[in-house]
Structure formats: structure tokens, C-alpha cells
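This is what each chain is made of:
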Amino acid sequence: MQFSTFGQKFTKNSGILQLMDDLGNALASDKPINMLGGGNPAIISEVNDVYQKTLHDLVADGTVLDGVANYSTPQGDKGFIDSLVAFFNRHYDWGLTADNIALTNGSQNAFFYLFNLFSGDFGGVDKKILLPLSPEYIGYADAHVDGTHFVAVEPVITECTHEGQAGFFKYTVDFDKLNELDELRHGRIGAICASRPTNPTGNVLTDDEMDKLSAIARTYDVPLIIDNAYGMPFPNIIYTNTTLNFDDNTVLCFSLSKVGLPSVRTGIIVASPAIIKAVSAMNAIINLAPTRFGASLAKPLFDSDEIVRLSKHAILPFYQRQSALAVKLLKEQFANLPVFIHKPEGAMFLWVWFKDLPITSQELYQLLKDKGTLIIPSLHFFVGIDTDHYRHAHECIRLSVAQTDEVLTAGIGMIGEVVKGLYQQNSL
Ligand SMILES: Cc1ncc(COP(=O)(O)O)c(C=O)c1O
């Protein structure tokens, strides 16, 4: 069948399609699979119990039916937006009004809007989204309606310790290279975007890095988009001591997915009224209106701050514990090999660097998949980077730690067996 240029772009094999296919197939499979790929949040029983009870009460009093039986405005469910205004103003000094918030069908939907609003053709000038720290979220890569409009600079890689142990590294933004970028200096950047904590690495941009990015965004008069899918105050999977700021040049994107509700498809954009109006207009054309089910379920949890309590006392500790276990298991497997872990600072992943691995991590992905262990190879995360001569981009993998102890143990055991074999062959 023949498709349009748009159709061809959106039906080709993308990294995000491979990832979501693997995830869906693994969840539906009756064969045991060590699912360390994908970004499905964990089932945390203490959290699910609260959702179960809230849903029960909302079904009983008719709130859910009232929500799903009616469209909202294109901006999103008014009751939940009012709750969010009160919630953010209670926790931060941002002075928001309802004109600062729009809902989307998941934050993936929000990035599709924002990237197409701020990059692409601007009357003959091709503007790009600047990703200041690559590797970045794989789901951004194919979001443009027409072509691909990202630019990024390679990160600074610094070896470091973690809780007194060697064998870790951290990425930081290379501000020297960033400030030199032609696209930035010549008006060809439409917005700056970063996930914080970062998917895939678990890095958290420091407050100092954020201040510098905010200053660059102001200097060049472009918005700074922060993807807060894993950040504070929900789901709060962040282990460093950092702050979250908002001003009229910042766009904050939140999601209900990583608090454990990925299929309610609810994203939240906090931004200036002009951006909220634009997003609402796009919602009308693409979705008519965003889904109200997540809004109905979430509203009482935001009104009572239960979402903050759950994030702090159940979600954060769960991921921190699984991350520590995965680090321990990796260290047991790879003592004395050139294997480095990105310092775990947040999100639900570990990013592992197999330095000088004799095959690419894409090939490693296939070997492991054949043996029933799923991971995500690094290449597609280097959005906006020329990876042909950048070996590091072919040497890393992302592991999800949103799994049981048993799956982490079996999966990391399998990775250890395969990777140690590869290093050994290489030294023969
Ligand atoms: C960094 C980041 N941003 C955005 C998303 C999109 O999430 P959703 O559309 O479920 O809100 C994800 C999902 O994995 C993510 O990891």
C-alpha cells in the first residue's frame, strides 16, 4: 500500500515502536521473559490499593460516569485543572491560574504538540529543538510531522563514585560546545527541552545546569521545556536535592503515568497562557478533547495531597530499593571489567556502559532477546547526535528497575553471562 510522506514517516520502524512492541508482547506472552526494557511503571500494592478504593468511591457516587459520559473543553477537565492550580500554588510559589494549565492524552501527546509548535519551518528558517544533554528520551525522536528537527551536543562524561563505590560515571551538559552551536547563535533553535530526571540515564540536571539553561533560553528568547515525567512532586523518583522552578519562559510537562496510571493517558502542561491556548487548539483538532477518566480519578488525590504522600512514602522508596538491588547485582557480575553505571539519581532506569564491548549494544539487545531478556540498546537515545563516529553511543544499554527482585536477578544474571562471554572472546 502506498502512504503519503507523512504516512511513511509515521509507519517506519522507529525506536519507540520497537520498545512499545517489545513491552506489549512481553506483557502478553505466556513464556517467562525478564522484562528489563520498556518504561512500564511498577505495580506497587500500597499505591494500587489507594487507586482501587478511590475508583470504588468515585464509581459509587457517579463521579466517574459523569466524567466519561461528557466531553471536556479542549483545554481539559475543568474540575481537575482547578485542582491542579490550587495544588501547584499550595506547593510552589508560582501564582498559577487556570490559563496556565492544559491537559493532554499522556505527555507523549504533549511533546508531539510542543515540538511541532516550536520547530520545523518558520517561514523559510528551519528551527530545531535543542536537547542540551544527549542521550535523551527515545520517544522524542520521531515526533515531528515533517522531517526531524533536533540538535544536541555530546555530553561531558566524568567518572565518579556512588556511595563510596568506584565504577560509575555522570553526564553533564557541555556548555562550551552548546554556546558555540551555530543553530543557537543564528536563530535556528525554537525551544530547549530536557527530561529531568532523564530517561534513559537516571541523570538529574543540577540546579546550576538548570539556571544556565534558563538563562540561555531567555537570551535567545525561546521556551525551556522541562519533561518532569519522573520528577517532583509526583512521582518524585528523584534522589538528589534539587528544586523545581517555573516562570513565564518555562514549560513544565507532568504525567500521571509514572505514579502507576499509564493507561489513563493523562499529561499536564504548565505554561504561559499563549502556549496553553495553542495546546488547547491542537487538542480540539487532534483529539476534540483530552480524556477525563484520569482527571476524575486523580482529582481527589491531588485535592488531599495523597499523591504527594504516595510518591514520597511508597513510589520513591520502591524505585530507590530496586535501583540499589540492580546496582549490587551488576557489580557482582562485572567486577574487574570495564563496565560503568551512570550514577543513579532518579527515574526508573539504570544506564550501563560496556566500554569497548566487541559488538554494538543493538547486537547485544538481539542476543539477549533471543534468550528471553529484554533491555533497550543505546543508539536511539542519542537523539540529535551524529552517532556514526561516536562509539559510546553504541556501547550502552538501558535497564528498567521497575521489576521484582526475581526478574532483576534473573535478567541481570543473563546479561552478565552474555557480556562476560563477549569480553572473554575478545581477549583470546
Ligand atoms: C521522559 C519521558 N517523557 C514522557 C513520557 C511519555 O509518557 P506518557 O505519555 O505516558 O505521559 C515518558 C514515558 O516513558 C518518558 O519516559
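Scroll up to find the structure.
What you see is a predicted model; the values in this text were computed from it and never measured.

Asks: Whenever I open this one, the nonpolar core confuses me. Can you help?
Replies: Most often, soluble globular proteins have nonpolar side chains that are buried together. By size, the foremost hydrophobic cluster in this structure holds 147 residues, and its most contacted members are Phe-88, Phe-234, Ile-268, Tyr-319, Phe-354, Leu-364 and Ile-415. The leading source of residues in this core is helix α12 (residues 306-334), at 13 residues. Two domains share this core, each providing at least three of its residues, namely domain 1 (9-47 + 309-427) and domain 2 (72-307). Once residues lying within four places of it in the same chain are set aside, the contact partners of Tyr-319 are Pro-41, Ala-42, Ile-44, Ile-237, Tyr-239, Met-348, Val-401 and Ala-402.

Asks: Just checking my understanding: could you explain the sheet that holds strand β13 (residues 349-354) for this structure?
Replies: Adjacent strands of a sheet pair through backbone hydrogen bonds, lying either parallel or antiparallel. Across the sheet, six strands lie side by side as β6-β7-β12-β13-β16-β15; this open sheet has mixed pairing. Looking at which strands have only one partner, the edges of the open sheet turn out to be β6 (156-162) and β15 (376-377). Where strand β7 (residues 165-172) meets strand β12 (residues 339-342), two bridges bridge the pair, whose relative direction is parallel. Looking at the pairing, Phe-168 lines up with Ile-341 of β12.

Asks: What is the right way to read the site of the ligand from this model?
Replies: In the region of the ligand, 14 residues are neighbours, and Asn-199, Asp-227, Tyr-230, Ser-255 and Ser-257 sit closest. Between Asn-199 and the ligand, the recorded distance is 2.7 Å, taken from a side-chain N or O atom to an oxygen atom. Considering the ligand on its own, with 400 Å² of exposed area, one finds that the protein chains cover 93% of that surface. Broken down by class, the residue content of the shell around the ligand amounts to four nonpolar, seven polar and three charged.

Asks: Can you help me understand the packing of aromatic side chains in this one?
Replies: Centre distance and the angle of the planes are the two values used to describe a pair of aromatic rings. Tallied over the full model, the rule gives 27 aromatic pairs. Note on Phe-87 and Phe-88: the rings are 5.4 Å apart at their centroids and 75° apart in plane angle, and the pair reads as edge-to-face. In this structure Phe-87 comes out as buried when scored by relative accessible area, which is 0%. What links up through ring pairs into an aromatic cluster is the set Phe-80, Phe-87, Phe-88, Tyr-92, Trp-94, Phe-234, Phe-246, Phe-254 and Phe-302.

Thresholds applied
- Residues numbered from 1 in each chain as written.
- Predicted model: local features only at pLDDT ≥ 70, side-chain atom pairs only at ≥ 80, totals over all residues.
- Heavy atoms only, no water.
- Core = buried A, V, L, I, M, F, W, Y, C linked by side-chain atoms within 4.5 Å.
- Buried < 20%, exposed > 50% of the residue type's maximum accessible area, 1.4 Å probe, protein only.
- Helix = DSSP H or I, 4+ residues; strand = E, 2+ residues; numbered from the N terminus.
- Domains from an automatic or database assignment.
- Contact = heavy atoms within 4.5 Å.
- Pairing = 2+ DSSP bridges.
- Near = heavy atom within 4 Å.
- Polar contact = N/O pair within 3.5 Å; in protein donor to acceptor, adjacent residues only side chain to side chain.
- Areas by Shrake-Rupley, 256 points an atom, 1.4 Å probe, with all protein chains shown as cover.
- Nonpolar A, V, L, I, M, F, W, Y, C, P; charged D, E, K, R; others polar.
- Phe/Tyr/Trp six-rings, centres within 6.5 Å; stacked < 30°, edge-to-face > 60°.

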